[in-house]
Amino acid sequence: MDTPAPPTADPVAPLAITMGDAAGIGPEIVAEVFRRRPTWSSRCVVVGDVAVMRRAVRVTGGGLPIAVLDGPAEARQVPPRCLPLWPALTLPSLPAFGQVSAAAGRAAAEAVTIAAQAALAGEVAGLVTAPLHKGALAAAGIDVPGHTELLQALAARHRGLTPAQLPVRMMLSNAELRTVLVSIHVSLRAAIEAVTASAVWETLRITHEHFTGLLGWPSCRIAVAGLNPHAGEGGLFGREEIDAIAPAVARARAAGWDVSGPHPPDTVFMRARAGEFDVVIAMYHDQGLIPVKYLGLAHGVNTTLGLPFVRTSPDHGTAFDLAGQGRADPSSLMAAVQAAWAALRQPVA
């Protein structure tokens, strides 16, 4: 899918890359990124534990020096072919690979918190987050289902708001398709109840502002998927399209935005992939993510829209079954780094 090229700008601060869950593949793919992209050493800083990252370097073949930094500002002086590490946290011991660990979950969340606070303070340009494990977060007593909600809560607190007052949305994308979700990690029953005119409108607003504001596109062709089969077939299969989705679309069109729908959800993603639309608004998690993930996880990127800083992540989880074997593919993480630079209008290496 063709995208308008973002304008370039001189980088002013490094990207923060969080290590992810230490029992999963996160630290390994982070290490492998710097092995495959040696010139990125001075443009990024890894937020994590020294022992965890040393183990990741060994697992992925060694030969990658770790430059231990006192803070993000030192990243610009890191030479090529090094892993720039800001050791802002320390695990009491190395967790076993492939096992849910409360300590690993707590450390992963701490890395995200530290990186987000650095972004809010302007010390890093944005965040790229390696995968968390939701079970490990729960074991650590951290009451959020994932990165998106954690970052939303941190950003809202920084601004003196409640999370509800700082709405965010998840966008999953690859070279062929982009989709933004109205709801994220909730039950299907709750997701259906979340399809309201205000929620669809908020999703449209956040999406439009991301592309035409942050990315600087002159316009963005947004397609809105229906909730029901055949987009409700005029109310025959449900009224959500009539009562909630269509009013939000009409409001967006009245604002002058290039928005259409509701479209039948079984064909709208195919039409977007063919180039008819730039992004699809999906009504719930699986409706939007199955089409993107079906096209492959290797280069998929998860972007959080609506935060006061750029945040991207790879389109996969902790892969406990692969952890410790040195076989994890870093392609999605590399794509996430490049997507973050594009959003920041910085040169994409």
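Residues numbered from 1 in each chain as written. Predicted model: local features only at pLDDT ≥ 70, side-chain atom pairs only at ≥ 80, totals over all residues. Heavy atoms only, no water.

A.B. asks: Explain the nonpolar core residue by residue, including any values.
C.D. replies: Core analysis: the largest hydrophobic core is formed by 97 residues, its most contacted members being Phe34, Met53, Leu83, Val200, Leu204, Val224 and Met283. Counting residues per element, this core draws most heavily on helix 3 (residues 102-120), which supplies 10 residues. When residues of this core are assigned to domains, at least three fall in each of domain 1 (10-168 + 307-348) and domain 2 (169-304). In this structure Phe34 touches Ile17, Trp40, Ser41, Cys44, Val46, Leu64, Cys82, Leu83 and Pro84, once residues within four positions along its chain are discounted. Ala225, Val268, Ala272 and Val280 belong to the second-largest nonpolar core, a separate cluster that totals 15 residues. (Core = buried A, V, L, I, M, F, W, Y, C linked by side-chain atoms within 4.5 Å. Buried < 20%, exposed > 50% of the residue type's maximum accessible area, 1.4 Å probe, protein only. Helix = DSSP H or I, 4+ residues; strand = E, 2+ residues; numbered from the N terminus. Domains from an automatic or database assignment. Contact = heavy atoms within 4.5 Å.)

A.B. asks: Tell me about the domain arrangement of the protein, and please be specific about residues and values.
C.D. replies: By domain assignment, the protein separates into domain 1 (10-168 + 307-348) and domain 2 (169-304). If you average the C-alpha positions of domain 1 and of domain 2, the two centres end up 28 Å apart. Contact with domain 1, which involves 23 residues of that partner, is made by 22 residues of domain 2. Of the roughly 1700 Å² buried between domain 1 and domain 2 on both sides combined, carbon and sulfur atoms contribute 53%. In this assembly, domain 1 and domain 2 are joined by 1 salt bridge. (Buried area = accessible area lost by both parts, 1.4 Å probe. Salt bridge = Lys/Arg side-chain N within 4 Å of Asp/Glu carboxyl O.)

A.B. asks: Kindly report on helix 11 (residues 331-343), identifying the contributing residues and their values.
C.D. replies: For helix 11, which comprises 13 residues, the first-to-last C-alpha distance of 18 Å matches the rise-based estimate of 18 Å (1.5 Å per residue) to within 8%. Helix 11 sits mainly inside the fold: 11 of its 13 residues count as buried. The complete set of buried residues in helix 11 reads Ser331, Ser332, Leu333, Met334, Ala335, Ala336, Val337, Ala340, Trp341, Ala342 and Ala343. Taken from the residues just after helix 11, Arg345 is the one with a positive phi, measuring 60 degrees. (Expected span 1.5 Å × (residues − 1).)

A.B. asks: Just give me the short version of the state of the cysteines, but keep the residues and values in it.
C.D. replies: What makes a disulfide is a covalent bond joining the sulfur atoms belonging to two cysteines. Within the structure shown, the criterion is met by 0 disulfides. The cysteine Cys82 is free of any disulfide, with Cys44 supplying the nearest cysteine sulfur at 13 Å. Judged by its relative accessible area of 12%, Cys82 falls in the buried class. (Disulfide = S-S within 2.5 Å.)

A.B. asks: Before we move on, can you summarise the packing of helix 3 against helix 5 (residues 147-158) with the specific residues and values?
C.D. replies: One can describe the packing of helix 3 onto helix 5 by two numbers: an axis separation of 10 Å at closest approach and a directional angle of 40 degrees. Judged on the interaxial angle alone, helix 5 and helix 3 are oblique. The element helix 3 and its partner helix 5 pack so that their crossing is right-handed. On the side of helix 3, the interface is formed by Ala109, Val112, Thr113, Ala116 and Leu120, while helix 5 contributes His147, Leu150, Leu151, Leu154, Ala155 and His158. (Axes fitted to C-alpha atoms, helices over the stretch in contact; angles between N-to-C directions. Parallel < 35°, antiparallel > 145°, perpendicular 65-115°, else oblique. Left-handed = near helix turned anticlockwise from the far one by under 90°.)

A.B. asks: So, the packing of aromatic side chains: which residues are in play, and what are the values?
C.D. replies: According to the stated counting rule, one finds 3 aromatic pairs in the structure shown. Summarising the aromatic geometry, the rings of Trp40 and Trp341 are spaced 5.0 Å apart at their centres and angled 85 degrees between planes, so their arrangement reads as edge-to-face. Of this pair, Trp40 sits in the loop between helix 1 (26-36) and strand 2 (44-47) while Trp341 is found in helix 11, placing the two residues 301 residues apart along the sequence. The residues Trp40 and Trp341 share a single accessibility class, namely buried. For the cation-ring pair, Arg37 lies above Trp40, with the distance from its terminal atom to the ring centre recorded as 5.9 Å. Looking at Arg55, its charged tip hangs above the ring of Phe97, at a distance of 3.8 Å from the centre. (Phe/Tyr/Trp six-rings, centres within 6.5 Å; stacked < 30°, edge-to-face > 60°. Lys NZ or Arg CZ within 6 Å of the ring centre and 35° of its normal.)

A.B. asks: Run through the pairing of strand 8 (residues 222-225), naming residues and quoting values.
C.D. replies: Two faces, one strand: in a regular strand the side chains alternate between the faces of the sheet. Side chains Ile222 and Val224 of strand 8 all project onto a buried face; the interleaved residues Ala223 and Ala225 project onto the opposite face, where all are buried too. Strand direction decides the pairing type here: strand 8 and strand 9 (residues 259-263), joined by 3 bridges, are parallel. Paired with Ala223 across the two strands is Ser260, which belongs to strand 9. Both strand 8 and strand 10 (residues 279-282) contribute to a ladder of 3 bridges, which runs parallel. Paired with Ala223 across the strands is Val280, a residue of strand 10. (Pairing = 2+ DSSP bridges.)

A.B. asks: Residue-level account of the side chain of Arg43, with values.
C.D. replies: With respect to the secondary-structure elements, Arg43 resides in the loop between helix 1 and strand 2. At a separation of 2.8 Å, a polar atom in the side chain of Arg43 contacts the main-chain carbonyl oxygen of Pro347. In this structure, Arg43 is in contact with Pro14, Leu15, Arg76, Trp341, Gln346, Pro347 and Ala349, ignoring residues within four places of it in sequence. (Polar contact = N/O pair within 3.5 Å; in protein donor to acceptor, adjacent residues only side chain to side chain.)

A.B. asks: Outline the pairing of strand 7 (residues 178-181), supporting the account with residue identities and numerical values.
C.D. replies: Because side chains alternate across strand 7, one face comprises the buried residues Arg178 and Val180, and the other comprises Thr179 and Leu181, equally buried. Two strands pair when backbone bridges link them, and strand 6 (residues 169-173) and strand 7 are joined in this way by 3 bridges, in the antiparallel orientation. Among the inter-strand pairings, Met171 is bridged to a residue of strand 7, identified as Val180. In this structure, the hairpin formed by strand 6 and strand 7 is closed by a connection of 4 residues. Note that strand 7 and strand 10 share 3 bridges and pair parallel. The partner of Val180 across the bridge, within strand 10, is Ile281.

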